[in-house]
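This is what each chain is made of:
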Amino acid sequence: MSQRGKKPSSRNPPRQDAKLEQTYQLAKERYAGLGVNTDQVLRRLAQIPVALHCWQGDDVGGFEHTGGPLTGGILTTGNYPGKARTADELRADATQALSLIPGKHRFSLHTIYGEFGGKKVDRNEIGPEHFRGWMDWARSLGIGLDFNASCFSHPKSADGFTLSHADPAIRKFWITHAQRSREIGAAMGRTLGSTTVTNVWIPDGMKDTPADRRGPRERLEASLDEVFRKPLDPRHNLDAVEGKLFGIGAESYTVGMHEFYLGYAVKHQKLVCLDAGHYHPTENMADKISSVLCFVPRILLHVSRGVRWDSDHVVTLTDDLQAIAQELVRGDYLGRTHLGLDFFDASINRLAAWVIGTRNLLRALLLAMLEPYEAYKKFERSGDYTSRLAWMEEAKTLPFGAVWDYYCASQNVPVGEAWLAEIKAYEKKILSKRS
Ligand code: RNT
Ligand code: ZN
């Protein structure tokens, strides 16, 4: 497998561990017996980018320096020391995290992470010039960027409404913000030669039962029409819309619920962003993928983990995560899916959160790719559900770990928990010096 230049350069490339290689060969034979070619799977996995989300790096703070709190019904808890205070620090942290994750990935920014040179640049004044530093950084790593309008943590969103606001002036302000966001997305895509997905999520909603559910939704539709009026080259920018069930302080009514955006995206052939934390806990987000993709060209995923509510916990290797990966692989949807992460945990090392979450998503994809899916399908078609169940259960204890370890080594990133030592060293050397 080809090696890619990984930073930091202090790591010895690549790890040629005879035991690791041997274990891999045994695993490879076991999988081959089930009709699965592990070499091919690893080549495929190496092609799949995951967008790490900038907002895990500083608890969704951003660099506007308005001193305002995080609002919009989302919440970070914890005060682990060492969060990034500047764009340079966030880039350094992300570079370090990326170096511990196998494969080539992406970085997803919010508008509040622009570099405004100490000036007050309001959300309706942002432009590509505020993201030059990010574009230069992405180019230096050879990665693409994704983007997000930031319709929260701002005085004009304080009463809980943005694009669906009853006041036309406030609506206009957020429309301009979202229009500029997608223009910036297009500039990123053009500059980096890699399509940027620009996502729109708004917090609009009500704490208690609304009298009028219709008005805000019709206003939101009209606002989105304005936001997307200007055609942009789809090679540079793709638009995504993200719905949700509820937010803190908007428990009774969410203007941009799933059905709203699903309808909007189908009508206008936009991307639907499915966030794993945005549905009722008994709903299965994975099951939506093959439905939504019947009607829209592509989807964006916000891979997250809700614990009892949309709590945005670090992604772990749960059944829910595996179900998502299985759907993408079994349905052959990876070519139409943009993978992104969305969680924010301030109670643990923030770089470790990125590394744990991303490595888990990749692990889930690898597990899904290693499934003897052709056999499952054959059993299913012939009505042999006994064999389907038996094989699916046996597959859970196949020697997947050996394939994953080999993949990490061949991508020149630490195997197993060894990555943590690098994070701990970085914490000691860099994070602990931040106030
Ligand atoms: C909020 C949405 C949204 C945000 C980020 C910060 O519920 O999930 O995607 O988490 O954009
Ligand atoms: Zn999300």
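This is a predicted model, so every value here is computed, not measured.

Draft legend 1. Fine view of the packing of helix 5 (residues 168-192) against helix 6 (residues 214-227). Taken N-terminus to C-terminus, the directions of helix 5 and helix 6 make an angle of 40 degrees; their axes are 9 Å apart at the nearest point. With respect to helix 6, the element helix 5 is oriented oblique. The chirality of how helix 5 crosses helix 6 is right-handed. Packed against helix 5, whose contacting residues are Arg171, Ile175, Ala178, Gln179 and Arg182, the element helix 6 presents Arg219, Ser223, Glu226 and Val227 at the interface. Across the contact of helix 5 with helix 6, the residue classes break down as three nonpolar, two polar and four charged.

Draft legend 2. Structural detail: the coordination of the zinc ion (ligand 2). Those protein atoms acting as donors to the zinc ion (ligand 2) are Glu242 (OE), Asp275 (OD), His302 (ND1) and Asp342 (OD), and they sit at 2.1 to 2.2 Å. One can describe the site at the zinc ion (ligand 2) as octahedral: its six donor atoms subtend angles covering 70 to 167 degrees at the metal. The sequence pattern describing where the donors of the zinc ion (ligand 2) fall on their chain is E-x32-D-x26-H-x39-D. Here glutamate 242 is found in strand 6 (residues 237-242), whereas its partner histidine 302 is found in strand 9 (residues 299-303), with 60 residues between them in sequence. A residue is classified by how much of its surface remains accessible, and glutamate 242, at 3% relative accessible area, is buried. Exposure remark for histidine 302: the relative accessible area of 4% places this residue in the buried category.

Draft legend 3. Representation of the sheet that holds strand 9. Reading around the barrel, the eight strands line up as 1-2-3-4-6-8-9-12 and close back on themselves, with parallel pairing between neighbours. Mean inter-strand twist for the sheet, computed between neighbouring axes without regard to direction, equals 30 degrees. Direction of pairing for strand 8 (residues 271-275) relative to strand 9: parallel, over a ladder of four bridges. Bridging from a neighbouring strand, cysteine 273 pairs with leucine 300 of strand 9. In this fold helix 5 packs onto strand 2 (106-110), strand 3 (144-148), strand 4 (196-200) and strand 6, with an angle of close to 180 degrees to the strand it touches most, strand 3. Across the sheet, helix 7 (residues 258-268) lies against strand 6 and strand 8, angled at about 155 degrees from strand 8, the strand it touches most.

Draft legend 4. Molecular detail of unusual backbone geometry. Notably, valine 60 is not glycine yet its phi reads approximately 60 degrees, a positive angle. Its place among the elements puts valine 60 in the loop between strand 1 (50-53) and helix 3 (87-98). In this model, aspartate 332 sits at a positive phi of 55 degrees, which is unusual for a non-glycine residue. Here aspartate 332 is to be found in the loop between helix 9 (319-330) and strand 12 (337-341).

Thresholds, definitions, all that
- Residues numbered from 1 in each chain as written.
- Chains lettered and ligands numbered in written order.
- Predicted model: local features only at pLDDT ≥ 70, side-chain atom pairs only at ≥ 80, totals over all residues.
- Heavy atoms only, no water.
- Axes fitted to C-alpha atoms, helices over the stretch in contact; angles between N-to-C directions.
- Helix = DSSP H or I, 4+ residues; strand = E, 2+ residues; numbered from the N terminus.
- Parallel < 35°, antiparallel > 145°, perpendicular 65-115°, else oblique.
- Left-handed = near helix turned anticlockwise from the far one by under 90°.
- Contact = heavy atoms within 4.5 Å.
- Nonpolar A, V, L, I, M, F, W, Y, C, P; charged D, E, K, R; others polar.
- Donors = N, O, S within 2.8 Å, 3.2 Å for Na, K, Ca; no water.
- Tetrahedral: all angles 85-135°; square planar, octahedral: opposite > 155°, others 65-115°.
- Buried < 20%, exposed > 50% of the residue type's maximum accessible area, 1.4 Å probe, protein only.
- Pairing = 2+ DSSP bridges.

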